[in-house]
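Here are the chains, one letter per residue:
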Amino acid sequence: MKIGLLGSNGFVGSEIKKSLHAKKYNFKSIHRYNFKKNTKYKFDIVINCSMPSKRFWAKKNPKKDYIETVNKTSFFLKNYKFKKFIHISSISARCEKNTVYGKNKKISEILVKNNNDKNLIVRLGPMFGRSLNKGVLIDMLNSKTVFINGKSKYSFTNIKWIANWIIQNMKNKKGLLEIGSKDHIKLISIRDKIKSKSKFIGRLDNQIILNKEKYKISSNEVYRFLRRKLSKKTN
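What counts, and at which threshold
- Residues numbered from 1 in each chain as written.
- Predicted model: local features only at pLDDT ≥ 70, side-chain atom pairs only at ≥ 80, totals over all residues.
- Heavy atoms only, no water.
- Helix = DSSP H or I, 4+ residues; strand = E, 2+ residues; numbered from the N terminus.
- Rg over C-alpha atoms; globule rule 2.2 N^0.38 Å.
- Buried < 20%, exposed > 50% of the residue type's maximum accessible area, 1.4 Å probe, protein only.
- Contact = heavy atoms within 4.5 Å.
- Areas by Shrake-Rupley, 256 points an atom, 1.4 Å probe, with all protein chains shown as cover.
- Core = buried A, V, L, I, M, F, W, Y, C linked by side-chain atoms within 4.5 Å.
- Patch = residues over 30% accessible without salt bridge, like charges linked within 9 Å, V, L, I, M, F, W, Y side chains within 5 Å.
- Salt bridge = Lys/Arg side-chain N within 4 Å of Asp/Glu carboxyl O.
- Lys, Arg positive; Asp, Glu negative; His and termini not counted.
- Charge placed at Lys NZ, Arg CZ, Asp CG, Glu CD.
- pLDDT = per-residue confidence, 0-100.
- Expected span 1.5 Å × (residues − 1).

Scanning the chain from N- to C-terminus turns up 9 helices and 10 strands. In summary, the chain has a C-alpha radius of gyration of 18 Å against a globular reference of 18 Å for 235 residues, a match within 12%. Split into buried and exposed, the 235 residues of the chain put 48% on the buried side. Here the contacts in the chain between residues at least 6 apart in sequence split such that 82% fall between residues at least 24 apart. Total accessible area on the chain stands at roughly 12900 Å², and carbon and sulfur atoms take up 51% of it.

Attention now moves to the nonpolar core. In this structure, Ile-16, Ile-47, Ile-88 and Ile-179 are the most contacted members of the largest nonpolar core, which totals 25 residues. Apart from residues lying up to four places away in sequence, Ile-47 is in contact with Ile-3, Gly-4, Leu-5, Leu-6, Ile-16, Ile-86, Ile-88, Ile-166, Ile-167 and Met-170. Counting 20 residues, the second-largest nonpolar core is a separate cluster that includes Leu-132, Leu-187, Phe-200 and Val-222.

Time to look at a positive patch on the surface. On the surface, Arg-130, Lys-160, Lys-193, Arg-224, Arg-227, Arg-228 and Lys-232 cluster together into a patch of positive charge. Sorting elements by how many residues they give to the positive patch places helix 9 (residues 222-234) first, with 4 residues. Examined against the element boundaries, Lys-160 turns out to sit in helix 7 (residues 159-169).

Of the residues in the chain, 99% reach a pLDDT of 70 or more, and the chain-wide mean stands at 94. Element-level mean pLDDT values for the chain span from 86 in helix 9 up to 98 in strand 10 (residues 185-186).

Below, the discussion takes up helix 1 (residues 11-22). Here helix 1 contains 12 residues, and its C-alpha end-to-end distance of 17 Å stays within 8% of the 16 Å for a straight helix at 1.5 Å per residue. The set of residues buried in helix 1 consists of Val-12, Gly-13, Ser-14, Glu-15, Ile-16, Ser-19 and Leu-20. A positive backbone phi angle near 60° is found at Lys-24, which sits one or two residues after helix 1.

Turning our eyes to something else, we now look at the pattern of salt bridges. Tallying each qualifying case throughout the model produces 12 salt bridges. In this structure, Glu-68 and Arg-32 form a salt bridge, with 3.6 Å as the shortest nitrogen-oxygen distance. With a gap of 36 residues between them, Glu-68 in helix 3 (residues 62-79) and Arg-32 in the loop between strand 2 (26-30) and strand 3 (42-48) connect regions that are remote in the sequence. The residue Arg-55 makes a salt bridge to Glu-96 at a minimum N-O spacing of 3.1 Å. Within this pair, whereas Arg-55 is found in helix 2 (residues 55-60), its partner Glu-96 is found in the loop between helix 4 (92-95) and helix 5 (100-115), the two being separated by 41 residues in sequence. Salt bridges sharing partners connect three or more residues here, namely Arg-55, Glu-96, Arg-203 and Asp-205.

As structure tokens, this is what we get:
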């Protein structure tokens, strides 16, 4: 089986790349500098992790976000050869329908759904992992202002678990699925737990995974990640 991994250098893509390599899969690493050169290959599965994940950037750059999200997804579907397309999307397609970011994610999902009934759309929520370098967790670690309401509930999920789930289920799952932690944590609770001095300014922004399957993984794992990050800062 041959796999094409789009966006292989990104936060999600790089973790999937590690998982594919560890499990000795035959895959091709594809990124923004070589994606137009790989249309000649025939893949069994293409995994698309290439969509941008910057919500505030999308708000400021709606045209660019549309190009990177919708136009590129359309390009891959029309020009790549595959039996199955796995599209890594965001729960923003459900819970932020009125934003540029959410709308573009939803449009890209519709393109994938209409392409082939064997395709799989995977919606992800808030994530954490060793290579994380932006977002609310990093802001709180550095006691920076968080431009979201502190009462917002987030289903934080370990990126390593996500990558392994995708690889384990890429052959047999299809349709639309949200995957991630079974529970959620309020941002203000995290701030207080790690004794951050961050202030919260902004709207309520609940990022909660809705799934039929109750996964065993918990958002509380994020505290272990934060403790390691804090330990490195103090050493």
